Amino acid sequence: MATDLAVRGPVRRGQTWQHRLMVSPLILTVLVLGAYPLVFIVGASLTESTLGNPFQEWAGLASAREVVASSDVTDALARGAGYAVGVAALSTVLGVVLALALLGLRRGGGLARGLLLLPLMTPPVVVAIVWRLVFNPAGGLLATLLGAVGYEGQAVAVLSSPGLALLGVAIADTWQWTPLVMLLVYAGLLGLDREVLEAAALDGAHGLRLVRHVVLPSVAGVVLAAFFVRLVLAFKVYDLVAVMTAGGPGQSTTVPSYLIHQAALQQFDLDRAAVITLLLAVVVTVVTVPVALLTRKVER
């Protein structure tokens, strides 16, 4: 017995070191891609920093107080949060509807899925250019459709209107990413137990009643997870804003990611960009954590 314990001790220690060696690349990757950028951003936010010469002089919370007091920053953060929630909700609703429609298709399902996934496979810059052409008041698709239905009023310049520009970006964003939600929900629908659906049908649940009381509760966790993914992606929107509106007209489409780009790469004010990044991280956490907790609760 003593001999067996003596042998097992070195073996277990050897296995422990093997496990550590196997996990070390993952830990190193997390430190390089996660911890180092966070430390860099925090350090830049507390010092006088430019893009070419960071960490010049200790500034403490001076930059943070200046940024928080700026109405442009607070408005952009509020605008970004409202945009993300609205776009994510719209994409989720449309994605669920499309997934249910695909599930009910008897023929041509493969072709329909391929066509519906095309926006998802299109680069964001191309999506932005396409929708700029759609909203072009001089001969764009929207102007052509309005003319076809007899509209003879002033040209509708969506991307030049402070009240409509963000809506135009949201439409393009929804068009591109709704297929992702559709794909996730459709995968969840394919995993439903057919016997449960047949039993519900025998009990008189058909059509919308079946969807409302049986199908949707069964995939509620998947729908919430898809909403969470879509919410995070909506907070990251930059390409569409940069190409379609460049943050304008005025500041009406300036979302946090575009504001960070302006501060860091146009004004070379790295400490300001770092503070905005940290504030954005706080806003994203406040908005997404309740959704993540609700998703976890529903899945359990």
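As shown above, the structure is provided for reference.
Residue numbering note: each chain is counted from 1, following its sequence as written. Given that the model is predicted, a residue must reach a pLDDT of at least 70 before its local features are reported, and side-chain atom pairs must reach 80 or more before they are shown or counted; all residues, however, enter totals for whole chains, interfaces and linings. Water and hydrogen atoms play no part in the side-chain values, which are based on all heavy atoms of the structure.

Chemist: What should I look at first to understand the packing of aromatic side chains in this one?
Modeler: Aromatic rings considered in pairs are described by the distance between their centres and by the relative angle of their planes. Note on aromatic pairs: the rings of Phe, Tyr and Trp (six-membered ring only in Trp) are paired at centre separations within 6.5 Å, and the planes decide the class, stacked below 30 degrees, edge-to-face beyond 60, tilted for the rest. The final tally for this structure, using the stated rule, is 5 aromatic pairs. Seen from their ring centres, Tyr36 and Phe40 are 6.3 Å apart, and the 45° between their planes marks the pair as tilted. Remark: Phe40 and Tyr36 occur in helix H1 (residues 2-45); sequence separation between them is 4 residues, near one turn of the helix. Take Tyr36: its relative accessible area is 56%, and that puts it in the exposed class. Ring centres of Trp131 and Phe135 lie 5.5 Å apart, and the angle between their planes is 40°; on these two criteria the pair is classed as tilted. The same class applies to Trp131 as to Phe135, namely buried. Among the aromatic side chains, those forming a connected cluster through ring pairs are Tyr36, Phe40 and Phe55. To qualify as a helix, a DSSP run of H or I must reach at least 4 residues; to qualify as a strand, a run of E must reach at least 2; elements of each kind are numbered from the N terminus. Exposure classes here rest on a 1.4 Å probe applied to the protein chains alone. A residue is buried below 20% of its type maximum, exposed above 50%, and partly exposed in between.

Chemist: Whenever I open this one, the nonpolar core confuses me. Can you help?
Modeler: If you look at soluble globular proteins, the nonpolar side chains tend to sit buried side by side. In terms of nonpolar packing, the biggest core is built from 20 residues, with Val73, Leu231, Phe235 and Ile276 touching the most fellow members. If you list the elements that add at least two residues to this core, you get helix H3 (71-104), helix H11 (220-235), helix H13 (256-266) and helix H14 (270-299). At 6 residues, H3 tops the list of elements feeding residues into this core. The definition of a nonpolar core used throughout is a set of buried Ala, Val, Leu, Ile, Met, Phe, Trp, Tyr and Cys residues joined through side-chain atoms within 4.5 Å. Counting residues in hydrophobic clusters, the runner-up holds 19 residues, among them Val87, Trp131, Val169 and Val255.

These figures capture arrangement, not role.
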